[in-house]
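# Inside the fold
As a plain string of letters, each chain reads:
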Amino acid sequence: MSLPNIRNIFSPKIVQGMWSSKYSKKLNFELPERFKGTIVEKWANYWKQLVIDYKEMVIDTCKHMFQHPLKTSIYTGVGATTYFLCKHNPDFADFEKSFQNSKNLLILVAEPCQNPVSADHIRSLERYINQNVVRRLSLGVISFIWIDNYDKDCSLYKATCEYLKPPYKTFKERVIDVGFLDKYWILDEQMKDYDVNF
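Described in the following lines is the structure provided in the data block. All of these numbers come straight from a predicted model, not from anything done at the bench.

## Considerations on the packing of aromatic side chains
For any pair of aromatic rings, geometry is given as the distance between the ring centres together with the angle between the planes. The full count for this structure, using the stated rule, is 7 aromatic pairs. For the ring pair Tyr46 and Trp47, a centre distance of 5.2 Å and an interplane angle of 75° mean the geometry is edge-to-face. Residue Tyr46 is classed as partly exposed on the basis of its relative accessible area of 46%. On the numbers, 6.2 Å between centres and 80° between planes, the contact of Phe144 with Phe171 is edge-to-face. A residue pair is termed long-range when its members are at least 10 positions apart, and Phe144 in strand β2 (residues 143-147) and Phe171 in helix α8 (residues 171-174) qualify at 27 residues. Looking at Phe171, the relative accessible area reads 24%, which means it is partly exposed. Linked through ring pairs, Trp43, Tyr46 and Trp47 together constitute an aromatic cluster. A cation over a ring is seen here: Arg127 above Tyr128, with NZ or CZ 5.3 Å from the ring centre. A cation over an aromatic ring shows up here: Lys183 above the ring of Trp185, its NZ or CZ 3.7 Å from the ring centre.

How each quantity is defined
- Residues numbered from 1 in each chain as written.
- Predicted model: local features only at pLDDT ≥ 70, side-chain atom pairs only at ≥ 80, totals over all residues.
- Heavy atoms only, no water.
- Phe/Tyr/Trp six-rings, centres within 6.5 Å; stacked < 30°, edge-to-face > 60°.
- Buried < 20%, exposed > 50% of the residue type's maximum accessible area, 1.4 Å probe, protein only.
- Helix = DSSP H or I, 4+ residues; strand = E, 2+ residues; numbered from the N terminus.
- Lys NZ or Arg CZ within 6 Å of the ring centre and 35° of its normal.

Here's what the structure looks like:
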């Protein structure tokens, strides 16, 4: 049995026909006489016009999609990719979990056998976390873990003054990790061969 052509199934004419057959009767209803001239009639007309506007938007969108298939494919691909990356953008809890797991792995290794690079990185992260100066900046599809000057609960003038905040030009130097696709990559890189001390 041959499958129907998907272009024919979702063509603008068929979409318009399906809409007309299904909703035309519902949109052409008439209110009882007692509601005419009242706020009920105004609300009914408002929602009826809103449905008609959305119907025309759907039909016009289908027409545009079939007239420009390449453009539609590109937009769909970009939108789907962006959605996927946003869903897999790690948050601060993921960073804390990754740090704790890495720390636990390192503790299981005798200190003389620990990789000094991994050990120094874990100690630095532990110090920053204890000082409560670790911050996360999310750009939707990617996250940056960076170091602030003060604890967020600190009420000193230097910590609260807007003009003494860390300048944007130093942000690159403050970034200690990058989160992307459910993983913090710098921490993962620093933990390679964590049990090899040479």
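Still to come is the rest of the account.
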